[in-house]
Amino acid sequence: MALLDSTQSEKDESFILRATKIAAVVALYWFISISMVFLNNYLLENKDLDAPIFITFFQCIVSVGLCWILNFLSKLCPGFVDFPSLKFDFRVSREILPLTIVFIGMITFNNLCLKYVGVAFYTVGRSLSTVFNVALSYAVLKQTTSFYAVLCCGVILGGFWLGVDQESVAGSLSWTGVVFGVVASLCVSLNAIYTKKVMPVVDGNIWKLSYYNNLNAIVLFIPLIAFSGELKSVLEFNRLTHLHFWGMMIVGGVFGFAIGYVTGLQIKFTSPLTHNVSGTAKSCAQTVLAVVHLGSSKSNLWWTSNMMVLVGSFAYTWVKGLEMKKVQVPPETETTSSLKSKDDSMV
């Protein structure tokens, strides 16, 4: 009897320990993802610095810098820090270039959407990535989608239009932000497709892909900053030499890089399906926090639009999860799904 009680105690302890780890990982994912959105919104809303492309460019620099630091630490402390060896290969960089162009569009339009619509409407403004994913899967990959999955997309689309209508009624609608949100959603879906195509080039390693992607993006962002006139805005910024400003910029870049790690960590400790559900719940919490932070009052229909988007997204995730259980999913498809979840979290 004593032995039986001891065994039961070990099982209970193991369950409690695992549950605690899962809760900690989910909390970390929520903290980094929500903090990243609010921090980027703070940087982008700065009326003295109208330079969203420059802010995105700097975040790419931080990501590449962190890759170099982790690469150095992996050589200095092998076994303690696990990071792939980074040796620049022009051929790899060239083959990843089409993905980088889509990647630049995704992160730039994400930030532009956030700049014009704010955090409260951001979830609805960028909600069409699932709809575009279904449409592009059929148009490009000739993959059909089940009726129930299409029905979920219809709910998301309905929530999007209702949200736009309610923002218009409230007098806070920015059509520019809505357009940027739609384009960002399209780029998120294209990014998932191109990621699947170029993943073999980096031997399926997400960190190598991130390194080359951000490195290419830095080079391509330079002429964009020059032609957009943002360089003048940056040089005339009155807080350009303030440590607080650059500290916030660096933290934003670190969070942007860290979201990839915590996304993978959450999937590892739970599952891709649970990760998507967690992401949907996080978006709901993010919207509520934004409304509370602004101290604004929203109509019942406005909240209904958000719930339609979130419920539609959750239902789509659940339906696809059931469908994936019925058929064996190739490993590269699972990788792409995980990357798409990461992209949906980014700004």
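Being a predicted model, the structure only gives us computed values, none of them experimental.

Novice: Report on the overall build of the protein chain, specifying residues and quantitative values.
Specialist: Along its length, the protein chain carries 13 helices and 0 strands. Mapped from its N terminus to its C terminus, the protein chain presents α and β elements in the order α-α-α-α-α-α-α-α-α-α-α-α-α. For the protein chain, the residues scored as buried account for 47% of the 347 residues in total. Sequence separation of 24 or more characterises 86% of the internal contacts of the protein chain that already satisfy a separation of 6 or more. Carbon and sulfur atoms provide 68% of the accessible area of the protein chain, an area that totals close to 17700 Å².

Novice: Please provide a residue-by-residue account of the layout of surface pockets, values included.
Specialist: Computed from the structure, the second largest pocket encloses a volume of approximately 320 Å³. Around the second largest pocket sit 13 residues that line it, and Leu70, Phe83, Trp207, Phe257 and Tyr261 are the ones nearest its centre. For the lining of the second largest pocket, the secondary-structure elements that each account for two or more residues are α2 (52–76) and α10 (243–269). Tallying contributions element by element places α10 first for the lining of the second largest pocket, with 5 residues. Class assignment of the residues belonging to the lining of the second largest pocket gives a composition of 12 nonpolar, no polar and 1 charged.

Novice: Let's hear about the UniProt feature "transmembrane region" (unreviewed entry) in the protein chain: which residues, and what values?
Specialist: What UniProt calls "transmembrane region" (unreviewed entry) maps, in this numbering, to residues 15–39, 51–76, 96–114, 147–164, 173–194, 214–231 and 243–263. Along residues 147–164 one finds 100% helix and 0% strand; the C-alpha atoms at either end are 26 Å apart. Secondary structure within residues 173–194 divides into 91% helix and 0% strand; the distance between the first and last C-alpha atoms comes to 32 Å.

Novice: Report on the packing of aromatic side chains, specifying residues and quantitative values.
Specialist: Tallied over the entire structure, the rule returns 16 aromatic pairs. With 6.3 Å between their ring centres and 40 degrees between their planes, phenylalanine 54 and phenylalanine 57 make a pair best called tilted. A residue pair is termed a helical-turn pair when its members lie 3 or 4 positions apart in one helix, as phenylalanine 54 and phenylalanine 57 do in helix α2 at 3 residues. The residues phenylalanine 54 and phenylalanine 57 share a single accessibility class, namely buried. Between phenylalanine 147 and tyrosine 148, the ring centres sit 5.7 Å apart and the planes meet at 70 degrees, which makes this aromatic pair edge-to-face. Side by side, phenylalanine 147 and tyrosine 148 carry an identical accessibility label, which is exposed.

Novice: Before we move on, can you summarise a nonpolar patch on the surface with the specific residues and values?
Specialist: Together, Phe147, Tyr148 and Leu151 line one region of the surface with nonpolar side chains, adding up to about 390 Å² of accessible area. Here leucine 151 is to be found in helix α6 (residues 147–170). Given a relative accessible area of 47%, leucine 151 falls into the partly exposed group.

Novice: Could you give an account of the packing of α2 against helix α8 (residues 206–228), with specific residues and numbers?
Specialist: In the contact formed by α2 and α8, the axes pass within 9 Å of each other and the chain directions differ by 155 degrees. In terms of orientation, α2 and α8 fall into the roughly antiparallel class. Crossing of α2 against α8: the hand is left-handed. Of the residues in α8, those touching α2 at Ile53, Phe54, Thr56, Phe57, Cys60, Ile61, Ser63, Val64, Cys67 and Trp68 are Tyr211, Asn214, Leu215, Ala217, Ile218, Phe221, Ile222, Leu224, Ile225 and Ser228. Taken together, the residues of the contact of α2 with α8 sort by class into 16 nonpolar, 4 polar and no charged.

Novice: Pulling in residues and values, what's your account of unusual backbone geometry?
Specialist: Of note in this structure, aspartate 203 is not a glycine but carries a positive phi near 60 degrees. With respect to the helices, strands and loops of the structure, aspartate 203 is situated in the loop between α7 (175–198) and α8.

Novice: Which residues make up the pattern of salt bridges, and what values do they have?
Specialist: Summed over the entire model, instances satisfying the criterion amount to 3 salt bridges. One salt bridge connects lysine 115 with aspartate 50, and the closest N-O pair in it is separated by 3.3 Å. Taken as a pair, lysine 115 in helix α3 (residues 90–117) and aspartate 50 in the loop between α1 (2–44) and α2 lie far apart in primary sequence, 65 residues in all. Look at aspartate 50 and you get partly exposed, because its relative accessible area is 46%. Across the salt bridge formed by lysine 298 and glutamate 167, the nearest N and O atoms sit 3.8 Å from each other.

Each value, and the rule that gives it
Residues numbered from 1 in each chain as written. Predicted model: local features only at pLDDT ≥ 70, side-chain atom pairs only at ≥ 80, totals over all residues. Heavy atoms only, no water. Helix = DSSP H or I, 4+ residues; strand = E, 2+ residues; numbered from the N terminus. Buried < 20%, exposed > 50% of the residue type's maximum accessible area, 1.4 Å probe, protein only. Contact = heavy atoms within 4.5 Å. Areas by Shrake-Rupley, 256 points an atom, 1.4 Å probe, with all protein chains shown as cover. 1 Å grid on protein atoms, 1.4 Å probe; cavity = no way out; pocket = protein on both sides within 12 Å on 5 of 7 lines; lining within 4 Å. Points joined across faces, edges and corners; volume = space filled by probe spheres on them. Nonpolar A, V, L, I, M, F, W, Y, C, P; charged D, E, K, R; others polar. UniProt positions renumbered as here; feature names shortened; annotations may be inferred. Phe/Tyr/Trp six-rings, centres within 6.5 Å; stacked < 30°, edge-to-face > 60°. Patch = residues over 30% accessible without salt bridge, like charges linked within 9 Å, V, L, I, M, F, W, Y side chains within 5 Å. Salt bridge = Lys/Arg side-chain N within 4 Å of Asp/Glu carboxyl O. Axes fitted to C-alpha atoms, helices over the stretch in contact; angles between N-to-C directions. Parallel < 35°, antiparallel > 145°, perpendicular 65-115°, else oblique. Left-handed = near helix turned anticlockwise from the far one by under 90°.

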